[in-house]
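Next come the chains, spelled out residue by residue.
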Amino acid sequence: MFLTRFRINTARIGARRLLTSPQSLHAAVMASFAERPDHQGGGPRVLWRLDHQSRSEVLLYIVSPDRPDLTHLVEQAGWPTTGGWQTKPYAPFLSRLAIDDTWTFRLTANPVHSIRRHAAEPTKRTAHVTPRHQLDWLLKRQTDAGFTVVERSEPRPDGLDGAWHEVVVRNRSDLAFGKRNETDDRSHKVKVTRVTFDGRLRVVDPDALRRTLTAGLGKAKAYGCGLMTLAPAEQTR
Amino acid sequence: MSDRTSVLTLRLAGPLQSWGASSRFARRTTERAPTKSGVVGLLAAAQGRDRAADIADLAALRFAVRLDQPGTRVRDYQTAHHAETGKSMPVSERFYLSDAVFVAAVEGDTDLIGALHAAVRSPVYLPFLGRRSCPPSRPVDLRVHRGGLWRALESEPWQASAWVQRRRSHERRVELEVIADLPTGEGPGDAVRDRPLSFDPHHRRYGLRAVHSRAVTVPNPLGGSPSTSRRDFVPPKHDPMGLLED
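An account of the accompanying structure is given in this report. (Residues numbered from 1 in each chain as written. Chains lettered and ligands numbered in written order. Predicted model: local features only at pLDDT ≥ 70, side-chain atom pairs only at ≥ 80, totals over all residues. Heavy atoms only, no water.)

## Details of the overall build of chain B
Here is step 1: Check the secondary structure of chain B and you find five helices and nine strands.
Here is step 2: Secondary structure of chain B in N-to-C order comes out as β-β-α-α-β-β-β-α-β-α-α-β-β-β.
Here is step 3: The buried share among the 246 residues of chain B stands at 42%.
Here is step 4: Intrachain contacts of chain B at a sequence separation of at least 6 include 77% that bridge at least 24 residues. (Helix = DSSP H or I, 4+ residues; strand = E, 2+ residues; numbered from the N terminus. Buried < 20%, exposed > 50% of the residue type's maximum accessible area, 1.4 Å probe, protein only. Contact = heavy atoms within 4.5 Å.)

Here you go:
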């Protein structure tokens, strides 16, 4: 596995197209691999995510089974003469994950559930809209995904019962674009709600967490959702 | 201020309000704040007084109104047809204040103020905000204060909606305009035809009233709270590459 970081030059026309169209960025990421990535089954796959650190600093992270070549991205939306991209092997880090480690994490995901309004209706995938429900979506999946979000020791500031986690839900964005079906060439509308979680987690099941980090969490993985990354947790807290 | 006077404060908040002072014929305008005649009418209605009843005691109350949330003026082009004959009624233009909140205060004899407070808590005729089509969104009575009109208006908490308070969260105290009766013998003031003499439907009469505008400052409940604007938000640092060896 490899982890890749590419900084997008937001001053360029090519960057505009990639940042506004999740489809174009998905195609560009997939074009980084000489051999077409295989996404059958629940194994490791290509995942990507955009981190908007500030208006001018936008980073593209890619996790992939094969080493990518982002030359075409550098030419369209990078700094061709002075900057490229960084790719590092992910496996050594993944193999070091151990129970009870704490890490800060960032995850951009598509929190959805399937509902129906009455028994006769087929269920329909529906986005969670409020931060409360979006966080509940993450907490519901954490055990299967091999981690728990760290709980705060202080009581909740709003006076309600229940746990208060070290996590923020931010950066909600709704994507909507037209897409043409590959099989029957019919066009339809795609709507995806993206939201970013930033917080601290404790490793519970290293194998499950490795799977989460390499195979992704949740839906809409083609459109920049599902990639979780870890960074060192500060020791001060 | 003598011991024999108290102040009753009222919260006038609703989706629409309309306080006319000088409208005639088909163009029904609104002032930018509740009128004394409108509030006196509300109090008289709460007490169950007849239209033709004597209101001299209510008209003699000292009146002031605080503009907690000025709202926006909206215009309604109203057409109507008679329910039975089907004939069209005169086309009229009606003006309203939308999403406004005011605190009105009346000062007077303690017994009368107590009676009025009891009346607005269980009104005979329902209160409305200047026009019968404008119901209040919350109970209108706040409380009875001792110690003068201005003390009451300064001690009454800011009644504006949370979004207005949040918008001014950089101010710990906010200045609110007050339009009040001008004490006799002071300045020329502004004259408005807003001294109710009689609400008799056959012959409504209003006298002139001298008003002046002042300001009071009250604390902002949401003042000094951290701004939640998106521009100020800096995402936390997150560097997953630093962990990995080449």
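Now, onward.
## Structural notes on the pairing of strand β5 (residues 92-109) of chain B
For a regular strand, side chains alternate in direction, first toward one face of the sheet and then toward the other.
Residues and elements named next belong to chain B.
Here is step 1: In terms of burial, β5 is a largely internal element, 14 of the 18 residues being buried.
Here is step 2: Relative to β5, strand β1 (residues 5-17) is paired through twelve bridges, and the arrangement is antiparallel. Counted as the bridge partner of Leu16 is Ser98 from β5.
Here is step 3: In terms of strand pairing, strand β2 (residues 27-28) meets β5 through two bridges, oriented parallel. Following the sheet pairing, Arg28 is matched in β5 by Arg94.
Here is step 4: Judged from the seven bridges that link them, strand β3 (residues 62-69) and β5 form a sheet pairing that is antiparallel. The partner of Arg62 across the bridge, within β5, is Glu107.
Here is step 5: Sheet topology places strand β4 (residues 72-78) next to β5; seven bridges connect them, and they run antiparallel. When the sheet's bridge partners are listed, Thr72 is paired in β5 with Ser98. (Pairing = 2+ DSSP bridges.)

## Overview of the sheet that holds strand β2 (residues 47-52) of chain A
All names here are of chain A.
Here is step 1: Taken together, the four strands give an open sheet; going across it, the order is β2-β3-β1-β4, and neighbouring strands pair in antiparallel fashion. Among the strands making up the open sheet, the edge pair consists of β2 and β4 (85-89). Neighbouring strand axes in the sheet, compared pairwise and without regard to direction, differ in orientation by 15° on average.
Here is step 2: Across six bridges, the pairing between β2 and strand β3 (residues 58-64) is antiparallel. Across the sheet, Leu50 pairs through a bridge with Leu60, a residue of β3. (Axes fitted to C-alpha atoms, helices over the stretch in contact; angles between N-to-C directions.)

Treat this as a map of the structure, not an account of what it does.
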